[in-house]
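# Per-entry structural report
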Amino acid sequence: MLAYFIQGILLGFPAAATPGPLQAYFLSQTMRSGWRKTLPSAFAPLLSDGPIILLMLFVLTRTPDWLLRGLRIIGGLFILYLAFGAFVMFRRQLEPRVVVESSQKGLIKAVVTNLLNPNPYIFWSLVAGPILIAAWRESSLYGAGFMFGFYGTLIGSFATLIVVFATAGRLSPNLVRALTGLSALALFAFGIYQLWSGFSG
């Protein structure tokens, strides 16, 4: 069990640290509403990954190309919507606590962002899915150990990122605005990339 638990930890760190739409959303949301309102969004994978894991374990590596392309297009459009919201806040030069979004609404957006992001589907079909299947075949406790190691590390790392973003934002109002603009650019870039990936195949 310990071996699978460690594998979960080792996979959780890069999954959290690799720049992606969800991380960019955390930055944007933290600059907008503060870390306390954003922190519940770190738990978004617990709500969104269940269907993803079941789907990927069912089809594993046999996901049709058209399904992945369609997901990237839909996800790209949603990420562009998030980028537009961050850009509007940047243009208005708002302080991060002036416009406060509820924790529940922020969590819902984070869940949708993760559901429309193709990376978890690819990750669970090519990397984590086979490991989970192997662990579960040995023992359900081994499978649970892998999942606990992975999600404990992933959520803990996400929460740390959110606090780090908030701490950086309190250093200077100019830095807050710069990070807000950076988050808008990052979201825009991810959205365009996913649209390009979807249409180009």
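First things first, this report covers the structure right here in the doc.

Scoring rules and cut-offs
Residues numbered from 1 in each chain as written. Predicted model: local features only at pLDDT ≥ 70, side-chain atom pairs only at ≥ 80, totals over all residues. Heavy atoms only, no water. Helix = DSSP H or I, 4+ residues; strand = E, 2+ residues; numbered from the N terminus. Buried < 20%, exposed > 50% of the residue type's maximum accessible area, 1.4 Å probe, protein only. Contact = heavy atoms within 4.5 Å. Polar contact = N/O pair within 3.5 Å; in protein donor to acceptor, adjacent residues only side chain to side chain. Phe/Tyr/Trp six-rings, centres within 6.5 Å; stacked < 30°, edge-to-face > 60°. Expected span 1.5 Å × (residues − 1). Bend = angle between axes of the 7 residues up to and from the residue. Core = buried A, V, L, I, M, F, W, Y, C linked by side-chain atoms within 4.5 Å.

### Notes on the overall build of the chain
- Looking only at helices and strands, one finds nine helices and zero strands in the chain.
- Listing every helix and strand of the chain by position from the N terminus yields α-α-α-α-α-α-α-α-α.
- For the chain, buried positions account for 44% of its 201 residues.
- Taking contacts inside the chain between residues at least 6 apart in sequence as the whole, the part at least 24 apart equals 88%.

### Notes on the environment of Phe150
- By the element assignment, Phe150 lies in helix H8 (residues 140-169).
- When the C-alpha atoms of Phe150 and Gly12 are compared, they prove to be 4.7 Å apart, with 138 residues separating the residues in sequence.

### Brief notes about the side chain of Thr38
- Topologically, Thr38 is positioned in helix H3 (residues 35-38).
- With a relative accessible area of 0%, Thr38 lands in the buried category.
- Within the structure, the side chain of Thr38 is placed 2.8 Å from the backbone oxygen of Gly34, a separation counted as a polar contact.
- The residues touching Thr38, leaving out its near neighbours within four places in the chain, are Phe26, Gln29, Thr30 and Ile162.

### Comments concerning the packing of aromatic side chains
- Across all of its chains, the model carries four aromatic pairs by this definition.
- Summarising the aromatic geometry, the rings of Tyr4 and Tyr142 are spaced 5.9 Å apart at their centres and angled 35° between planes, so their arrangement reads as tilted. Taken together, the positions of Tyr4 in helix H1 (residues 2-17) and Tyr142 in helix H8 put the pair 138 residues apart, joining distant regions of the chain.
- On the basis of relative accessibility, which here comes to 27%, the residue Tyr142 falls in the partly exposed class.
- For the pair Phe26 and Phe158, a centre-to-centre distance of 5.0 Å together with 70° between the ring planes defines the contact as edge-to-face. Of this pair, Phe26 sits in helix H2 (residues 21-33) while Phe158 sits in helix H8; the two residues are 132 residues apart in sequence, bridging distant segments of the chain.

### Re helix H4 (residues 44-59)
- Helix length check: H4, at 16 residues, gives a terminal C-alpha distance of 23 Å against a target of 22 Å (1.5 Å per residue), a fit within 8%.
- Along H4, the sharpest kink reaches roughly 35°, centred on Gly50 and followed within four residues by the proline Pro51.
- Turning to H4, its buried residues are Ala44, Pro45, Ser48, Asp49, Ile52, Ile53, Met56 and Val59.

### Digging into the nonpolar core
- Phe26, Trp124, Phe146, Phe150, Phe158 and Leu187 are the most contacted members of the largest nonpolar core, which totals 41 residues.
- Of all the secondary-structure elements, those providing two or more residues to this core are H1, H2, H4, helix H5 (65-92), helix H6 (103-115), helix H7 (118-138), H8 and helix H9 (173-200).
- No other element matches the eight residues that H8 contributes to this core.
- The residues touching Leu187, leaving out its near neighbours within four places in the chain, are Pro21, Ala24, Tyr25, Ser28, Ile79, Leu82, Ala83 and Ala86.

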